[in-house]
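# A closer look at the structure
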Amino acid sequence: MHDAPTQAAEPSLAAGSEGKEPLSAGLKQRHLTMLGLGGVIGAGLFVGSGAGIAVAGPGIVLSYLIAGALAMLVMRMLGEMSAAMPASGAFSVHAERALGRWAGFSVGWLYWFLLVVVLAVEATGAAQIANGWLPAVPQWGWVLLFMIVFTVANLAAVKNFGEFEFWFATLKVTAIVLFLALSLLAVFGVLPDTAPVGLANLTGQGGFLPHGWSGVISGVLAVVFAFGGLEVVTIAAAESDDPARAVGRAVRSAVWRILLFYVGSMLVIVTLLPWSSMEPGKSPYVAVLDSIGVPGAGQIMNIVVFVALLSALNANLYGSSRMVFSLAERGEAPRALLKVSGSGSPRSGEAESGGGVPRRAVLASVAFGFVSVLLNLKWPDSVFLYMLNAVGAVLLFVWGLIAVSQLRLRPRIERETPGKLTLRMWAFPYLTWAALLAMGGVLVLMLTDEAARPQLLWSAGATGLVLLVAGARELRDRRARR
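Parameters at a glance
Residue positions are given per chain, counting from 1 as you read along its sequence in written order. Whole-chain, interface and lining totals are the exception, using all residues; otherwise, since this is a predicted model, local features are given only for residues with pLDDT of at least 70 and side-chain atom pairs are given and counted only at 80 or more. Here the side-chain values reflect all heavy atoms present in the structure, with hydrogen atoms and water set aside. For this analysis, a ring pair means two rings from Phe, Tyr or Trp (six-membered ring only for Trp) whose centres lie within 6.5 Å, classed as stacked if their planes differ by under 30 degrees, edge-to-face if by over 60, and tilted for the remaining angles. Put simply, DSSP H or I for four residues or longer makes a helix, DSSP E for two residues or longer makes a strand, and each gets a number counted from the N terminus. Exposed residues in this analysis have more than 50% of their type's maximum accessible area, buried residues have under 20%, and partly exposed residues fall in between, with area computed by a 1.4 Å probe over protein chains only. Helix span, expected: 1.5 Å multiplied by one less than the number of residues in the helix. Directions pointing from the helix axis toward each C-beta atom define the arc. Note on contacts: a residue pair is in contact if any heavy atoms of the two residues lie within 4.5 Å. The working definition used for a salt bridge is a side-chain nitrogen of Lys or Arg within 4 Å of a carboxyl oxygen of Asp or Glu. Whenever a helix is involved, its axis is fitted only over the stretch in contact; in every case the axis is a line through C-alpha atoms, and angles between N-to-C directions fall within 0 to 180 degrees. Here roughly perpendicular refers to angles of 65 to 115 degrees, roughly parallel to angles under 35, roughly antiparallel to angles over 145, and oblique to all remaining angles. By definition, turning the near helix anticlockwise from the far helix through less than a right angle yields a left-handed crossing, and turning it clockwise yields a right-handed one. Three residue categories are used. Nonpolar comprises Ala, Val, Leu, Ile, Met, Phe, Trp, Tyr, Cys and Pro, charged comprises Asp, Glu, Lys and Arg, and polar comprises the others, including Gly.

Under the counting rule described, the total for this entry stands at 18 aromatic pairs. Relative to tyrosine 262, the ring of tyrosine 64 lies with its centre 5.6 Å away and its plane at 45°, an arrangement referred to as tilted. Here the residue tyrosine 64 occupies a position in helix H5 (residues 60-84), and tyrosine 262 occupies one in helix H13 (residues 243-272), the gap between them amounting to 198 residues. Tyrosine 262 carries the same exposure label as tyrosine 64, and that label is buried.

Time to look at H13. With 30 residues, H13 should cover 44 Å at 1.5 Å per step; its first-to-last C-alpha distance of 43 Å lies within 8% of that length. In terms of burial, H13 is largely enclosed, as 22 of its 30 residues are buried.

An α-helical segment advances 3.6 residues per turn. Residues three or four places apart therefore align on the same side. Taken as a whole, helix H4 (residues 49-56) has its buried residues at Ser49, Gly50, Gly52, Ile53 and Ala56. Down the axis of H4, the buried side of the element spans an arc of 160°, and every buried residue falls inside it. Residues of H4 that are buried make contact with helix H3 (43-46), H5, helix H11 (212-223), H13 and helix H14 (284-291).

Per the stated rule, a full pass over the model turns up 10 salt bridges. A salt bridge links arginine 330 to glutamate 96, with the nearest nitrogen and oxygen atoms 2.9 Å apart. You can see arginine 330 sitting in the loop between helix H15 (297-329) and helix H16 (350-353) and its partner glutamate 96 sitting in helix H6 (residues 91-99), a full 234 residues away along the chain. Residue classification places arginine 330 among the buried residues on the basis of a relative accessible area of 3%. By relative accessible area, glutamate 96 is classed as buried at 3%.

The next point concerns unusual backbone geometry. The omega torsion of the bond from phenylalanine 428 to proline 429 falls at 0°, within 30 degrees of zero and hence cis. Among the structural elements, proline 429 can be located in the loop between helix H19 (394-416) and helix H20 (430-448). A positive phi angle, close to 40°, is found at alanine 90, a residue other than glycine. By relative accessible area, alanine 90 is classed as buried at 1%. Phi at glutamine 205 is positive, roughly 55°, even though this residue is not glycine. Judged by its relative accessible area of 43%, glutamine 205 falls in the partly exposed class.

Now for the environment of alanine 403. Along the chain, alanine 403 turns up in helix H19. Look at alanine 403 and you get buried, because its relative accessible area is 0%. Sequence separation between alanine 403 and alanine 157 is 246 residues, and the spatial gap between their C-alpha atoms is 33 Å. The contacts of alanine 403, once residues within four sequence positions are left out, are Met77, Thr432, Leu436 and Met439.

Once that is clear, we can look at the side chain of glutamate 80. Along the chain, glutamate 80 falls in helix H5. When its relative accessible area of 1% is taken as the criterion, glutamate 80 is described as buried. Once residues within four sequence positions are removed from consideration, glutamate 80 is found in contact with Gln406, Arg410, Leu421, Leu423, Arg424 and Met425.

With that settled, consider the packing of helix H2 (residues 29-38) against helix H9 (residues 158-187). Following both chains from N to C, one finds H2 and H9 inclined at 45°, their axes separated by 8 Å at the closest point. Here H2 lies oblique to H9, going by the angle between them. As H2 runs across H9, the sense of the crossing is left-handed. Facing Arg30, His31, Met34, Leu35, Leu37 and Gly38 of H2, the residues of H9 in contact are Phe161, Gly162, Glu163, Glu165, Phe166, Ala169, Thr170, Lys172 and Val173. For the contact of H2 with H9, a count of residues per class yields 7 nonpolar, 4 polar and 4 charged.

Spelled out as structure tokens, the structure:
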């Protein structure tokens, strides 16, 4: 499973997929199901959606529908490969099998870098909210507290990560469901002191597409990255009792509900309130709750956003540690990171005692993540801004390699181990190609958008650097084999 493929022949999928991860099996189906549902419900939806509404108007519903459809396709592709070949490195392992070591190395390290940099944004954002509640504790003190708590949780049994994420995701999903329920009641005038709103806000203020289709496209650019995070569920599936079945069920239950939460939320928001009243940086959810008379709406949403940030911090620390551990397994990261806590069979109950945890990989990830936090606190508009820009478009590179890997691996799985195709990509290969074209379109949009262009160029530079290192390693290995 972890042997690097040579250029001479493709490795057998049947042989590789039977290997067992040296990690514990402490995650249950309920953990993965809620991780799949809650993994992409974050501050980007609760707060960042205001920027999308400002540029697209009511057409933001279409923007979320397009971006959500792309995310669903990626999730389905990733679910197909992960159900057939579960691994702690997920899409990094798939890319290596499909395209070679250079691809697994590149996507693995880029994704790790993305997670540990974004981790700093989440830790800082959560600390700012907590500092507003208790100003006596400095912002850096809150950051330190959060980092310690989640590091300890991730150093212990993986079930701790699963429990944290289960309850975090439950709160976020509950908040979304209650928001949708209250908003629908307000739309139909069922709540006290409300009247049916009709379609005035959808057809007035310039119509449903006040900025035309260009506004919808700009909205896609504003919201597509909010769907990042869905990949972690396929990484986590490798630490369940039945990875293939677990990831299949998690993906099936997540994709439609995620789209419902995102698109449904946007639809009720622009139905209840004039789109022109939305301000970038301010939560449209708070505006809706205030408009229907929910007391303390701002503080309620602050709590939800706070939980969403901590949830993302926890998930990113987990995902980055498992990714770098998988890289070490395949000889693409220092072998010292392979140390796993506990002894004996990793699937014989170590999940209960804290065994089967890659603690050095956790510490390596949190160490770099903490450096990122310090850079964010000290130089948010210079050093850290460059780092953040360098990972801004990396998600699209990761998604693109997932699609290319699925195109290459699907025929091989059908040929070698067809029984493992328990979850299939819809309309293969046509929808896979459509997703790739859509990703290319988003990249073109970023290149033509003045605000997004620096992010794309910095990300392209970071990607090019990693690819250069990967190419140099390939060249060195070829010379060594001669």
